[in-house]
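As a plain string of letters, each chain reads:
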Amino acid sequence: MSSGENWRGAVYEVRLGPPGHGGFCVARHEGRVLFVRHGLPGELVRARVTEDRGGSFCRADAVEILEPSADRVDPTCPVSGPGGAGCCDFSHATPEAQRALKASVVSEQLRRLADWETDFEVEVIPIPPRGTAPRRVGRSGIATGGVRGIAAGRVRSAAAGRVYGAAAGRAPGSAVHDDANGLGDLDVNGIAPQLSSGGWRSRVRLVVDAEGRAGVHGYRSTDVITDLRCPQPIAGAMTGIADRTWTPGADLVVAVDGDGVRHIVELAPAEVRSGSRPEARDRRGGRNSAAARRAAASRARTERVIEGSGVAVQYVAGRRWEVSATGFWQPHSGAAQMYSDVVAQWSDAAPGTLGWDLYCGVGVFAARLAEQVGADGAVHGVESARSAVEEGESALRDLPWVRLRAERVERWIVEQPDTAPDVVVLDPPRAGAGKDVIAALGERGPRRIVHIGCDPAAFARDLGLYRDAGYKPSGLRVFDAFPATHHIECVALLER
């Protein structure tokens, strides 16, 4: 682009190429790259530029489909789409095509960042019936398949007097995802029913506009969209939410727990500290106000329980947890059980040995390791959110050989003696574990490592670091944990 003109608002006819990491397809126009949402590979579209920051690429929406893909369907989410929320990136594609798009992105990240080419299948996570505790499953071998298709601190509730953590299972703020998803801060990216008449999401975080209406943020925007018809939430989760007036500027957390009980908690409006410049976003298409809002949301905020107790009951592998409704729990109602089963299958910890569960949250994986090592062994879990550790200690009080610690993983791991754990399980935040943690693991030399990641790029970078530490991946499972979005969950088994 030699003229230096800003393309924002311009409409161009482009042919869409492969999917990119972030819920878009890649196109090119006059030497520049366009990241185009709401299209599918191979389609000819008219794309309106929504953001141009002057570099080699800009962002755009496909506003007219001139030559549709055979994989295109009528969008299943009325809230997403051009100019809407960022909740449902792929609601215009068949479920099979959605998983093929994700497989293509994961394959590319693994090839480019981990130098690993392998076959796998993006797996559907079943939705469990509400109000029933999941049963344990037996161990099995490593599953593989073929790629298919196209290439926040502790605060006191004013209502119930309970003390809740900012994140059960993550440090304050670490469960916050980019507000581009448009459905709030608790990992809300997804859509549409897979195996039930309702959706799949059991936890939703909403924002309240200046008139007291609950809604979601627009894609890469601070604007509030008060249309709550996104099909992600499980049946009954959103009933009556749009009919009430809430505290302007507050957040709402809606959680339906394992017993089918709905909890609604209102978080007091976040105070954005002075020095932020929200006007910069409108002028330059920047992210200053969004960053300030995320920082404010991660700080301690007064909570008011509107419905339910504010304490969600959850079940995994026959064990019962009581966790804060505003804390971290896997949003897909079947995900915690699925990941726990994979950990149990792959960890294979020897009786009497030592196991580590890093970024352990409330200790869901620590419980499965404890079953394997037995009372003659030991399991150490590490989590920076003290509230999550307290909830985990309560749930695991019958397993005295499990010890959970409230500390940052990168600090704790370098302070440990040279005793090698037999197995390490780690489920780091979206940014990944990083070189310091993985290098320290390599020095301890565990026999097996089970690594879980919710961002394919960070996941692939971590796998590359494991290679440098002498480990090789021997198993991969990839789960469609956020249907109709670009988000995905990956689990790898690493061995020396």
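Remember, predicted model here, so these are calculated numbers, not experimental data.

Asker: It is not clear to me how the environment of Asp243 should be interpreted in this structure. Could you clarify?
Answerer: Along the chain, the position of Asp243 falls in the loop between strand E12 (224-225) and strand E13 (251-256). Spatially, the C-alpha atom of Asp243 lies 9.1 Å from that of Ala214, the residues being 29 residues apart in sequence.

Asker: Is there a simple way to think about the sheet that holds strand E15 (residues 303-307) in this case?
Answerer: The strands that make up a sheet pair up through hydrogen bonds in the backbone, lying either parallel or antiparallel. One open sheet accounts for six strands, arranged E12-E11-E10-E13-E14-E15; its pairing is antiparallel. The open sheet has two edge strands with one neighbour each: E12 and E15. Note that strand E10 (residues 203-208) and E13 share five bridges and pair antiparallel. Paired with Arg205 across the strands is Val253, a residue of E13.

Asker: When you look at helix H8 (residues 434-444) in this model, what are you seeing that I'm missing?
Answerer: Each full turn of the α-helix corresponds to 3.6 residues, which orients residues three or four apart in the same direction. All of the buried residues along H8 are Val437, Ile438, Ala440, Leu441, Gly442 and Arg444. As for H8, its buried residues are in contact with strand E18 (354-358), helix H7 (409-414), strand E21 (423-426), strand E22 (448-453) and helix H9 (456-468). Gly445, located one to two residues past H8, shows a positive phi value of around 70°.

Asker: Where do I start with the nonpolar core in this structure?
Answerer: For soluble globular proteins, nonpolar side chains are generally found buried alongside one another. Residues Trp321, Tyr339 and Val402 are the most contacted members of the largest nonpolar core, which totals 44 residues. Grouped together as the second largest cluster of nonpolar side chains are 35 residues, Trp356, Trp412, Ala433 and Tyr471 included.

Asker: For this particular structure, what's the right way to read the confidence of the model for the protein chain?
Answerer: Parts of the prediction with low pLDDT should not have their coordinates interpreted in detail. When pLDDT is averaged along the protein chain, the result is 85, and 80% of the positions lie at 70 or above. In this model residues 133-197 is a low-confidence stretch, pLDDT under 50, and it forms 237 contacts with partners more than four residues away in sequence or in other chains. Within the model, pLDDT remains below 50 along residues 276-286, and this stretch shows 20 contacts once partners closer than five positions in the same chain are excluded.

Asker: So what exactly am I meant to see when it comes to the sheet that holds strand E7 (residues 122-124) here?
Answerer: If you walk across this open sheet you meet the eight strands as E7-E23-E24-E22-E21-E18-E19-E20, and the pairing is mixed. Each of the sheet's edge strands pairs with one partner strand only, and the pair in question is E7 and strand E20 (402-406). If you compare each strand with its neighbour and ignore which way they point, the axes differ by 20° on average. With respect to the sheet, helix H1 (residues 95-114) is in contact with E7, strand E23 (472-480) and strand E24 (489-495), its orientation differing from that of E23 by roughly 155°. Across the sheet, helix H6 (residues 386-395) touches strand E19 (378-383) and E20, and the angle it forms with E20 is around 165°.

Definitions and cut-offs
Residues numbered from 1 in each chain as written. Predicted model: local features only at pLDDT ≥ 70, side-chain atom pairs only at ≥ 80, totals over all residues. Heavy atoms only, no water. Helix = DSSP H or I, 4+ residues; strand = E, 2+ residues; numbered from the N terminus. Pairing = 2+ DSSP bridges. Buried < 20%, exposed > 50% of the residue type's maximum accessible area, 1.4 Å probe, protein only. Contact = heavy atoms within 4.5 Å. Core = buried A, V, L, I, M, F, W, Y, C linked by side-chain atoms within 4.5 Å. pLDDT = per-residue confidence, 0-100. Axes fitted to C-alpha atoms, helices over the stretch in contact; angles between N-to-C directions.

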